[in-house]
Amino acid sequence: MNTGEPLTKLGHKAGGPNHRLKMGNLIVLTGPSGVGKGTLVDLVMSRVVGLVRSVSVTTRLPRPGEVEGQSYFFRDRATFDAMVERNEFMEWAEFAGNCYGTPKSWVNAQLKAGHDVLLELEVQGARQIHSQSPAAILIFISPPNFNELEERLRARATETAEIILVRLQKAKQELQEKNVFQYEVVNDKLEDAANNLAHIVYAERLRIRTSEG
Ligand code: 5GP
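Each chain has its residues counted from 1, following the order in which its sequence is written. Under the rules for a predicted model, residues below a pLDDT of 70 receive no local features and side-chain atom pairs below 80 are neither given nor counted, while totals for whole chains, interfaces and linings still include all residues. Note that the side-chain values use all heavy atoms of the structure and ignore hydrogens as well as water.

Trainee: Give a detailed account of the packing of helix α6 (residues 146-156) against helix α7 (residues 161-176), specifying residues and quantitative values.
Mentor: Only C-alpha atoms enter the line fits that serve as axes; for helices the fit covers just the stretch in contact. Angles between N-to-C directions range over 0 to 180 degrees. Elements are defined by DSSP. Helices are runs of H or I of four residues or more, strands are runs of E of two residues or more, and each kind is numbered from the N terminus. At a minimum axis separation of 11 Å, α6 and α7 run at an interaxial angle of 150°. In terms of orientation, α6 and α7 fall into the roughly antiparallel class. Along this stretch, α6 crosses α7, giving a crossing that reads as right-handed. Residues Phe146, Leu149, Glu150, Leu153, Arg154 and Arg156 of α6 touch α7, and the partners they reach there are Ile164, Leu165, Arg167, Leu168, Ala171, Lys172 and Leu175. Of the residues in the contact of α6 with α7, the class split is 8 nonpolar, no polar and 5 charged. We call two directions roughly parallel when the angle between them is under 35 degrees, roughly antiparallel when it is over 145, roughly perpendicular when it lies between 65 and 115, and oblique otherwise. For a crossing to be left-handed, the near helix must be turned anticlockwise from the far one by less than a right angle; the clockwise case is right-handed. Contact criterion: two residues are considered in contact whenever any of their non-hydrogen atoms come within 4.5 Å of each other. Charged means Asp, Glu, Lys or Arg here, nonpolar means Ala, Val, Leu, Ile, Met, Phe, Trp, Tyr, Cys or Pro, and polar covers whatever is left, Gly included.

Trainee: Please set out the packing of aromatic side chains residue by residue, giving values where relevant.
Mentor: Two aromatic rings from Phe, Tyr or Trp, using only the six-membered ring of Trp, form a pair when their centres are within 6.5 Å; if the ring planes differ by under 30 degrees the pair is stacked, by over 60 it is edge-to-face, and anything between is tilted. Per the stated rule, a full pass over the model turns up 6 aromatic pairs. Seen in terms of ring centroids, Phe80 and Trp92 are 5.8 Å apart; in terms of plane orientation they differ by 75°. Their pairing is edge-to-face. Of this pair, Phe80 sits in helix α3 (residues 77-85) while Trp92 sits in strand β5 (residues 89-95), and the two are 12 residues apart along the sequence. To sort residues, take the accessible area from a 1.4 Å probe on protein chains only and compare it with the maximum for the residue type: under 20% means buried, over 50% means exposed, and anything in between is partly exposed. Relative accessible area serves as the criterion here: at 32%, Trp92 is assigned to the partly exposed category.

Trainee: Describe the sheet that holds β5, listing the residues and the values that go with them.
Mentor: Strand pairing in a sheet is mediated by backbone hydrogen bonds. Such pairs are either parallel or antiparallel. The strand order across the open sheet formed by 4 strands is β4-β3-β6-β5, and the pairing between neighbours is mixed. The open sheet has two free edges, formed respectively by β4 (73-74) and β5, since each of these has just one partner strand. We call two strands paired when DSSP finds no fewer than two bridges between them. Relative to β4, strand β3 (residues 57-58) runs parallel, the two being bridged by 2 bridges. Paired with Val57 across the strands is Phe73, a residue of β4. Against the sheet, helix α4 (residues 104-112) contacts β5 and β6 (98-103), and its axis sits at roughly 35° relative to β6.

Trainee: Please give an account of the pattern of salt bridges that cites residues and values.
Mentor: The term salt bridge refers to a pairing of a side-chain nitrogen on Lys or Arg with a carboxyl oxygen on Asp or Glu at a separation within 4 Å. Tallying each qualifying case throughout the model produces 17 salt bridges. Here Arg75 makes a salt bridge to Glu68, at a shortest N to O gap of 2.9 Å. One salt bridge connects Glu204 with Arg207, and the closest N-O pair in it is separated by 2.8 Å. With relative accessibility at 5%, the residue Glu204 sits in the buried group. Assessed through its relative accessible area of 43%, Arg207 is described here as partly exposed. Each of Arg60, Arg63, Glu66 and Glu159 takes part in a single network of salt bridges with overlapping partners.

Trainee: Go over unusual backbone geometry, please, and point to the residues and values.
Mentor: One non-glycine residue, Asn87, lies in positive phi territory at about 60°. Relative to the elements of secondary structure, Asn87 occurs in the loop between α3 and β5. Non-glycine residue Ala96 carries a positive phi angle of around 45°. With respect to the helices, strands and loops of the structure, Ala96 is situated in the loop between β5 and β6.

Here is the structure:
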């Protein structure tokens, strides 16, 4: 669909004036490493009103250009483990040798305030959210094809050859696990993928929910 209107305007229409009075939607975005989730999310965030993005905690070291508190909260393993012990994560998982977790209290506060919250997770995290919050909206971002994914991952050149292999292996597994998701968006053309994602967010705001927390 292309109405020719800016998406922010569409957002007001689709969401309606009262959408902030309701609990926000929890939206999980998953897709193989190198599929371009980050760029896609940046674009969607700049266009959709009432949508916030959760910043995860990770034990991974920052990549060049990544900013503490914006890209991730970078913590050592002992600090991460202590947070797990204190039950501070909504979900957490180990991926390619590092841990990643979603801060529970921040996400819940945002949902209560009526904001839709976007989580960018690998598959295990998406599954955890799905079982504990069945109303969560799960979206899988696919590459146009596997070769393209491999090229993107190698072109990014932020990981060693060994880690790239691990991530490609993970990507193969993740592509086989898409059945838990309700939507699939192919990230072929960035603009089209961003539009599709935005439309999913708007459509979900109009869903009639029988049991809302
Ligand atoms: P990267 O190291 O490339 O930033 O992230 C590796 C994978 O971890 C990506 O698939 C990313 O979506 C996922 N990820 C990032 N934050 C979290 C989180 O809080 N929980 C889980 N389960 N996965 C995450």
